[in-house]
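# Report on the structure
Here is what each chain is made of, one letter per residue.
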Amino acid sequence: MMGPVVVNNNAHWQEPDMIEQKVKFQSDKLTLDGAFFKNEEHDDPRLPIVIVCSGFTGQKNIHPERYARFLTQKGFTVFGFDYRGFGESEGEREHVLIEEQVRDIANAVAVVAERAKEEKRKVVLAGWGMGGGLVLDAFRVCEDQVHGLIAMNGFYDAVRVQKALRGEHGWKQFRAFMAKERLRLAKGGEAQGIDPFEIYPLDPVSREYVYTELVKAPGYGVTSTFDFADSLISFRPEAHLDERFAQIPLLIAHGAENDLHPVTEARSLYARYPGPKELFLLEGGGHTEWMLDENPKFQTFAGKIADWITSTF
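Worth saying up front: this structure is predicted, and the values here are computed from it rather than measured. (Residues numbered from 1 in each chain as written. Predicted model: local features only at pLDDT ≥ 70, side-chain atom pairs only at ≥ 80, totals over all residues. Heavy atoms only, no water.)

Within the secondary structure, Phe 228 sits in helix H7 (residues 226-233). For Phe 228, a relative accessible area of 1% puts it in the buried group. When the C-alpha positions of Phe 228 and Asp 44 are compared, they lie 40 Å apart, and in sequence the two are 184 residues distant. Ignoring anything within four residues of it in the chain, the contact list for Phe 228 reads Phe 56, Val 96, Leu 97, Met 130, Ile 199 and Tyr 200. (Helix = DSSP H or I, 4+ residues; strand = E, 2+ residues; numbered from the N terminus. Buried < 20%, exposed > 50% of the residue type's maximum accessible area, 1.4 Å probe, protein only. Contact = heavy atoms within 4.5 Å.)

Okay, structure coming up:
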């Protein structure tokens, strides 16, 4: 664990800088890069520590730090980290398997929960995009260490979303591609890089955001392989909700105009979730085009998250 440093990753952000305390931790014998963020001027030790997990192709220096910049001004301590293979974390570069990222989240929770226990604080686990479903699966591994969940603009049944984005005909074509590629590999063919957004398709607005905003982040990028497709279509966290969630409050926060992860995903999760729950729909919000620190929609969305945590805990 290293000492604190002052960080400001957004030149337009006018509030006082937050403090970053770097942390290294292990996941499947890989060293992952994480950090606690806080603001000494606004720090409130009564509030839970919030772990913010990235979505697909996310990095700690994108959305986790964006939420940290907002939430630390509200008194929260925030923890962010890079999944294996991203940022300064060890592992095969830019390679995504959902089951591995679930374990990365569970190991991050273990590190944060130790500090939270020492400080007599609770832990809230939040995930953005694909991370919204990842945190649900991770909770089943580390249920005794998490006191609340936040699923932001997520999806909770990958096949259902694939069909929504591709249509039935496009889904059949994708399945045919997978069958052909599986046969080629089974016959000894070499693994090939695949455009990740051929496997995980984007709506036009999200695609523009990726190629105009996310690409600006240092180190941003990903190259998928066939095993990511297998991992993705097996991802169905909604189906794994059980009695373990019955006492855990959940905030489902979702863009009301989200064309990448349809709002029906948020409504479906809300209907099936067995514990205390709240559904917040961001008026006029798509998936990610408003994820900029000074965007009023982001401030409304992040403000709802801060208010929910404060009122719930």
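Glancing now at the pairing of strand S5 (residues 77-81). The buried fraction of S5 is high, at five of five residues. Judged by which residues are buried, S5 turns out to be covered on both faces: Thr 77, Phe 79 and Phe 81 on one side and Val 78 and Gly 80 on the other are all buried. Of the strand pairs in this sheet, strand S3 (residues 30-38) and S5 are connected by four bridges, and their pairing is antiparallel. Residue Phe 36 lies in a different strand from S5, and its bridge partner there is Phe 79. Read from strand S4 (residues 49-53) through helix H1 (residues 63-71) to S5, the crossover connection turns out right-handed. (Pairing = 2+ DSSP bridges. Right-handed = clockwise from strand over helix to strand, strands pointing away.)

At Asp 28, a position not held by glycine, the phi torsion is positive, near 50°. Mapped onto the elements, Asp 28 comes out in the loop between strand S2 (18-27) and S3. The class of Asp 28 is partly exposed, set by a relative accessible area of 39%. Although it is not a glycine, Lys 120 adopts a positive phi angle of roughly 55°.

Under the defined criterion, the tally for this structure stands at 25 salt bridges. The residue Asp 28 makes a salt bridge to Arg 84 at a minimum N-O spacing of 2.8 Å. In this pair, Asp 28 sits in the loop between S2 and S3 while Arg 84 sits in the loop between S5 and helix H2 (98-118), placing the two residues 56 residues apart along the sequence. You can call Arg 84 buried: its relative accessible area is 7%. Taking the shortest distance from any N to any O, the salt bridge between Arg 160 and Glu 265 comes out at 2.6 Å. Of the two residues, Arg 160 is situated in helix H4 (residues 158-186) and Glu 265 in helix H8 (residues 263-272); the sequence distance between them amounts to 105 residues. On the basis of relative accessible area, Arg 160 is assigned to the partly exposed category, the value being 29%. Residue classification places Glu 265 among the buried positions, given a relative accessible area of 2%. In the salt-bridge network here, residues are joined through shared partners; they are Glu 20, Lys 22, Lys 24, Asp 33, Lys 60, Glu 65 and Glu 88. (Salt bridge = Lys/Arg side-chain N within 4 Å of Asp/Glu carboxyl O.)

Turning next to the environment of His 287. With respect to the helices, strands and loops of the structure, His 287 is situated in the loop between strand S9 (277-282) and helix H9 (296-312). Residue His 287 is classed as buried on the basis of its relative accessible area of 7%. Aside from chain neighbours lying at most four places away, what touches His 287 is Trp 128, Gly 129, Asn 153, Ser 206, Asn 258, Leu 260 and His 261. Here Asn 258 takes part through its side chain, which lies 3.2 Å from a polar atom of the side chain of His 287. (Polar contact = N/O pair within 3.5 Å; in protein donor to acceptor, adjacent residues only side chain to side chain.)

Let's shift gears to the side chain of Ser 27. Mapping Ser 27 onto the fold places it in strand S2. You can call Ser 27 buried: its relative accessible area is 1%. For Ser 27, the residues in contact, after removing those within four places along its chain, are Leu 32, Arg 84, Arg 103, Asp 104 and Asn 107.

Counting 61 residues, the largest nonpolar core has Phe 79, Ile 105, Leu 125, Met 130, Leu 149, Tyr 200 and Leu 232 as its most contacted members. Here this core gets eight residues from one element, more than from any other, and that element is H2. Discounting residues that sit within four places of it in the chain, Leu 125 has contacts with Ile 51, Cys 53, Ile 105, Val 109, Val 135, Val 146, Gly 148, Leu 149 and Ile 150. Within the second largest apolar cluster, 31 residues are counted, among which are Phe 37, Ala 68, Leu 71 and Val 124. (Core = buried A, V, L, I, M, F, W, Y, C linked by side-chain atoms within 4.5 Å.)

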